[in-house]
Amino acid sequence: MSHSSGYCEQTSFGGGWLVFQYRFNGSVDFYRDWVEYRDGFGSVDGEFWLGLEHLHWITRARKHELLVELKDFDGNYVYARYGEFEIGNGVEQYQLKKLGTYTGTAGDSLTYHKGMKFTTKDRDNDNMSGNCATSWQGAWWYGNCYDSNLNVCGVRPSLTGFGYELITTKLEYLQYKLFEMESAMKIDRETIEQKLSGAISQLSQTIGHNLTALQTQSNKILYEQAAKANQKRMRNEIQTLASNRDVARFLTSSAGYARTISFPSCKEESSKLSGKYLIQLAENEEPFLGYCEQTAFGGGWLVVQHRYDGSVDFYRNWTEYRNGFGSVDGEFWLSLEKLHQITSARKHELLVELKDFEGNYKYTRYDEFEIGSEAELYSLKKLGSYTGTAGDSLTYHKGMKFTTKDRDNDENRSMNSAENYEGAWWYKEIHLSNLNGRYKDAWDSQSMHRFNGSVDFYHNWIEHRHGFGSVDGEFWLGLEHLHRVTSTRSHELLIELEDFEGNYIYARYSEFVIGSEVEQYPLKKLGTYSGMANDGLTYHKSMQFTTKDRDNDGHIGKNCAEDCGGAWWYNACFQIVLHRLT
């Protein structure tokens, strides 16, 4: 290979990085053909692409890492780093051949593209029926179509700088075109009226007293035809001049044209850009404003619930959940009635995306999803096969009716689960998922909370099985809840203790599983201990639960629950018991 100039980054992550793509102001057009991406373009003094052939020869010679550094228009910085990186040769269509383990803060959006060949506007190697490079105006290792694309055209719209100027220019030009078309319509109308007037004048001798009625009707018909033709022409020009997102933003404020830019579903929205769109399920139904997610898992997803900062209260009544609440610009619930109408019309999938407060991402996907009608109490009528990384916590709720604080449809006879868990859901006797519950940065649901002795914990078997107290005060979650929660996937156990002087200690175990009632709710698994409260629980591992009316301890001659004044996983009689009378 011939020698070429390169830029070495020597400050980030220990230095030694060869920069092969750099973008910072949009001055270089990255919507290029195969030859240009193969050979490279731009200048190392500005924006540039090093070249696929260079990347192949560099990465095949020895093991390399990949570092992607991103900074938005507000200066916020994130990065993604991969432990290995190799690009195939030209015969292999410069395939993303190797991509190692991800670390970073930007999220892993590149592993999805591993193994994919490079696609440009004139060389289609993606998995889609169309050309993703043409659709997104940028070249990449497209799959179907992408989770990441650092060569896409354009920049993020903002209220200052290039993005705002671009949108402003588009809208100003659109307004000009609208004015131009309105003028053309006016001229067309005047021409039609002149021609019509001449024709009517010739006919007036024979038509007589019917002239006025004929003129009025003819004017109306011809004007409507001209208006429809010009409206269609105007709409086509608008959609040519701007992206559908800009059109939606521009025309949403104009009620006269709202219907003309609505879509039956997010799948049929052609620009494939995430954002707000008018959704009209059928021609005779009123459209509603929805948010279409077009980047995750191939796009085409209508967002039905969005929570990210706790700004909207989700502890609502039946009417509010039926009709929907919040705003698509923030946190919201779309509405049970819309969910029923949408999912009952044709087959739909369900995708649940979760991100915790540390930015860890997981997802759950079901290949079928249908909600019943209000007469059926919006039951979770159909739920297909599960795939994902978050665990299947929804199949347990399949077939259940929806419950709110003022409409109790769950199977728990002792309480309204919506009231107890401060949310609304397809609750069963308990719940394994509750995405409308309290929004908080905390561990999984507490199994027990004691702080002032206001609740008596000296209860019988049934009460310990179902739970007692209130999550607003002291409470015990319930053995059956603990069994179902801990047996579905891996859980840890955290015990926090604070004495009356405010001294704090804790004990943490890396695994925690409670057996079923048939097994007498034994302490089935207990992982490795860490903490500063001393390991007082491992002694009780594998022991069955004992209450004052159910003696399962290892002590002969007495019931440890009676003797100690509280229920526990006793082992003749206790080393630690948190339910003891105080």
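Just above sits the structure.
These numbers come from a predicted model, not from an experiment.

(A) Fine view of the packing of aromatic side chains. Inspection of every chain in the model, using the stated rule, returns 32 aromatic pairs. On the numbers, 5.1 Å between centres and 85 degrees between planes, the contact of Tyr37 with Phe41 is edge-to-face. What makes Tyr37 buried here is its relative accessible area of 0%. Clustering of aromatic rings is evident, with ring pairs tying together Phe20, Phe30, Tyr37, Phe41, Trp49, Phe85, Phe118, Trp140 and Trp141. We note Arg32 situated over the ring of Phe41; from NZ or CZ to the ring centre the distance is 4.4 Å. If you follow Lys121 out to its NZ or CZ, it ends over the ring of Tyr31, 4.6 Å from the centre.

(B) Seen up close, the nonpolar core. In this structure, Tyr37, Trp49, Leu66, Phe85, Phe118 and Trp141 are the most contacted members of the largest nonpolar core, which totals 30 residues. For this core, the elements supplying multiple residues, two or more each, are α1 (34-39), α2 (52-61), β6 (66-71), β7 (77-82), β8 (85-87), β9 (96-99) and α3 (132-136). When residues of this core are assigned to their parent elements, the largest contribution, three residues, is made by α3. Setting aside residues up to four positions removed in sequence, Phe85 forms contacts with Phe20, Leu55, Thr59, His64, Glu65, Leu66, Leu96, Lys98 and Leu99.

(C) Up close: the pattern of salt bridges. As enumerated under the stated definition, the model contains 20 salt bridges in all. Close ionic contact of Glu65 with Arg81 constitutes a salt bridge, the shortest N to O distance being 3.0 Å. Of this pair, Glu65 sits in the loop between α2 and β6 while Arg81 sits in strand β7; the two residues are 16 residues apart in sequence, bridging distant segments of the chain. For Glu86, the salt bridge goes to Lys98, with nearest N and O atoms at 3.7 Å. With a gap of 12 residues between them, Glu86 in strand β8 and Lys98 in strand β9 connect regions that are remote in the sequence. The exposure class of Lys98 is partly exposed, given its relative accessible area of 37%. Connected through shared salt-bridge partners, Glu84, Glu86 and Lys98 make up one network.

(D) Main features of unusual backbone geometry. For Lys272, which is not a glycine, the phi torsion comes out positive at approximately 60 degrees. In this fold, Lys272 is placed in the loop between α6 (244-251) and β11 (275-279). Judged by relative accessible area, which is 26%, Lys272 ranks as partly exposed. The phi dihedral of Tyr521 is positive, around 45 degrees, even though this residue is not glycine. Considering the arrangement of structural elements, one finds Tyr521 in the loop between β27 (512-514) and β28 (523-526). Of the residues examined, Tyr521 reaches a relative accessible area of 0% and is grouped as buried.

Thresholds, definitions, all that
Residues numbered from 1 in each chain as written. Predicted model: local features only at pLDDT ≥ 70, side-chain atom pairs only at ≥ 80, totals over all residues. Heavy atoms only, no water. Phe/Tyr/Trp six-rings, centres within 6.5 Å; stacked < 30°, edge-to-face > 60°. Buried < 20%, exposed > 50% of the residue type's maximum accessible area, 1.4 Å probe, protein only. Lys NZ or Arg CZ within 6 Å of the ring centre and 35° of its normal. Core = buried A, V, L, I, M, F, W, Y, C linked by side-chain atoms within 4.5 Å. Helix = DSSP H or I, 4+ residues; strand = E, 2+ residues; numbered from the N terminus. Contact = heavy atoms within 4.5 Å. Salt bridge = Lys/Arg side-chain N within 4 Å of Asp/Glu carboxyl O.

Honestly, it's all geometry; don't read function into it.
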